[in-house]
Every structure is written in structure tokens, then in C-alpha cells.
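Each chain is listed here by its residues.
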Amino acid sequence: MGRPPSYDQDVLLQEIIECLWERGYAATPVSTLVQETGVNAPSLYARFGSKKGIMLAALDAYGQKTVEGIETLLASVPPGAAQVRAVLDHALESFDDPRRRGCFLVNSIMSISEDMPEFTEAVEGYMERIRGLLRDGLAAAPGLRPGVTPEEAALFVQMQVWAIKLMARMHPSREMGEALVRRTLASLFDEATVAAFS
């Protein structure tokens, strides 16, 4: 017996995210989602339209939550190196996940194929929003190295976050992650600014 129609949509989406995050889109048949969520297939199709619709809803829910989390994090520290350090430290927390899942959005990038333009558009949209938040903070940042623009710095930081999230899927040491953080700060900011975070 599937879950009744009164199921909580937010809870359902989180259960779907956990399932897809753990297994990947291609390796997760709808039957597995039924088993993991307790919602029968007709109800899932009625709600999301298709398996692709389920994935898009999961990406939207996770992406929006990620953007909101980064907005909160950036607002909690001064712009510039402190924000970059906070974002990278937050990414390093993925090293503590015993399931070594990395990031749902980054993992989705790795599994997107050419016949999935909807997924590409969804992921790119959230990545662009995240990069915009970083760029806005860096535009007000003191201590950027000469010739480094906020746009370039934001892209560079985002790439380092991706690298950390991919590293988290292996067996990285915390020292490896900390080395990446130090090198990122040194690449973007002048010596006096970096020294404040040493």
C-alpha cells in the first residue's frame, strides 16, 4: 500500500533527493523510488509527470536550498577572503559524510548526457546563481590581487568547491582539503590579506 495522497511534499522531495543522490539518476528506477518513499508509481507520475520530472523537481529543491544556505553563510561574514574561507570550509564538511556522496548538483553534472538538456539547464541555472552570490561579495572585497576580477575569482572559487566535493567521494585527508583552501586564498588575495587567515 502506497503512502496516502496527504503525504508531505517537502518530505517526499527530500526522500527522493536522498535516493537519487545515493544511486544516481540512471541507476534509480521509479520502482526504487516507490520502495524508498512509500508513494506508489501512479502518484509519483501524477505529481511529477515522468522520471525526468522527478529528477528536475529534486534538482530544484536541492538547488534552492543550496542557494539559500550560501546566502545565509555569506551574510554571516565580511565580504572578501572571509567569505571565500567560509564557503570552502563549508564545502570541506562533505569530507565528514560517511557515505561519501559529495554534492548532489556536482554529481548530477558528472552524469548529465546530451539527451538531458533540461537537467543541464537546471544545474547551470543554480550554478550561475551561486557564482553570482560569490561575485557580489568579491566585488566589495579588499585585498584581491591586481588583475583578478570578481567574476574570475567567483568562478575560481566555485571550481575549488567542485573539486572538494569530488574529492569527498574518495578518501581524502583533511590536510589535503586545507591545502586546497590555503592555495585558493593565496591565488586570489594579496599576502597581507592571506596572512590574516593563516
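The structure displayed is predicted, hence computed values, not measured ones.

Draft legend 1. Layout of the packing of helix H2 (residues 30-37) against helix H3 (residues 41-48). Taken N-terminus to C-terminus, the directions of H2 and H3 make an angle of 105°; their axes are 9 Å apart at the nearest point. Relative to H3, the element H2 lies roughly perpendicular. Where H2 abuts H3, its residues Val30, Leu33 and Val34 lie against Ala41, Leu44 and Tyr45. Of the residues that constitute the contact of H2 with H3, the class distribution is six nonpolar, no polar and no charged.

Draft legend 2. The arrangement of helix H6 (residues 104-111) in detail. Buried within H6 are the following residues: Phe104, Leu105, Val106, Asn107 and Ser108. Buried residues along H6 sit against helix H1 (9-23), helix H4 (51-75), helix H7 (117-139) and helix H8 (150-167).

Draft legend 3. Representation of the nonpolar core. One finds Ile16, Leu44, Phe104 and Phe189 to be the most contacted residues of the largest nonpolar core, which totals 57 residues. Sorting elements by how many residues they give to this core places H4 first, with nine residues. Those residues in contact with Phe104, other than ones at most four positions away along the chain, are Ile17, Leu20, Trp21, Met55, Ala58, Leu59 and Tyr62.

Draft legend 4. Structural view of the state of the cysteines. Within the structure shown, the criterion is met by zero disulfides. Unpaired in this structure, Cys19 has its nearest cysteine sulfur neighbour in Cys103, at a distance of 17 Å. The exposure class of Cys19 is buried, given its relative accessible area of 3%. Judged by relative accessible area, which is 8%, Cys103 ranks as buried.

Draft legend 5. How the structure looks around the packing of H1 against H3. H3 packs onto H1 with a crossing angle of 105° between their chain directions and a minimal axis gap of 13 Å. Judged by the inter-axis angle, H1 sits roughly perpendicular to H3. Residue-level inspection shows Gln9, Leu12, Leu13 and Ile16 of H1 in contact with H3, the latter providing Leu44, Arg47 and Phe48.

Draft legend 6. Summary view of the packing of aromatic side chains. Counted by the stated rule, this structure contains four aromatic pairs. When the ring of Trp21 is compared with that of Tyr62, the centres are 5.3 Å apart and the planes differ by 75°; the resulting orientation is edge-to-face. With Trp21 in helix H1 and Tyr62 in helix H4, this pair connects stretches of sequence that are 41 residues apart. Under the relative-accessibility criterion, Tyr62 is labelled buried at 14%. Judged by centre distance (5.4 Å) and plane angle (75°), the rings of Tyr62 and Phe104 are edge-to-face. Here the residue Tyr62 occupies a position in helix H4, and Phe104 occupies one in helix H6, the gap between them amounting to 42 residues. Joined through ring pairs, the aromatic side chains of Trp21, Tyr62 and Phe104 make up one cluster.

Definitions and cut-offs
Residues numbered from 1 in each chain as written. Predicted model: local features only at pLDDT ≥ 70, side-chain atom pairs only at ≥ 80, totals over all residues. Heavy atoms only, no water. Axes fitted to C-alpha atoms, helices over the stretch in contact; angles between N-to-C directions. Helix = DSSP H or I, 4+ residues; strand = E, 2+ residues; numbered from the N terminus. Parallel < 35°, antiparallel > 145°, perpendicular 65-115°, else oblique. Contact = heavy atoms within 4.5 Å. Nonpolar A, V, L, I, M, F, W, Y, C, P; charged D, E, K, R; others polar. Buried < 20%, exposed > 50% of the residue type's maximum accessible area, 1.4 Å probe, protein only. Core = buried A, V, L, I, M, F, W, Y, C linked by side-chain atoms within 4.5 Å. Disulfide = S-S within 2.5 Å. Phe/Tyr/Trp six-rings, centres within 6.5 Å; stacked < 30°, edge-to-face > 60°.

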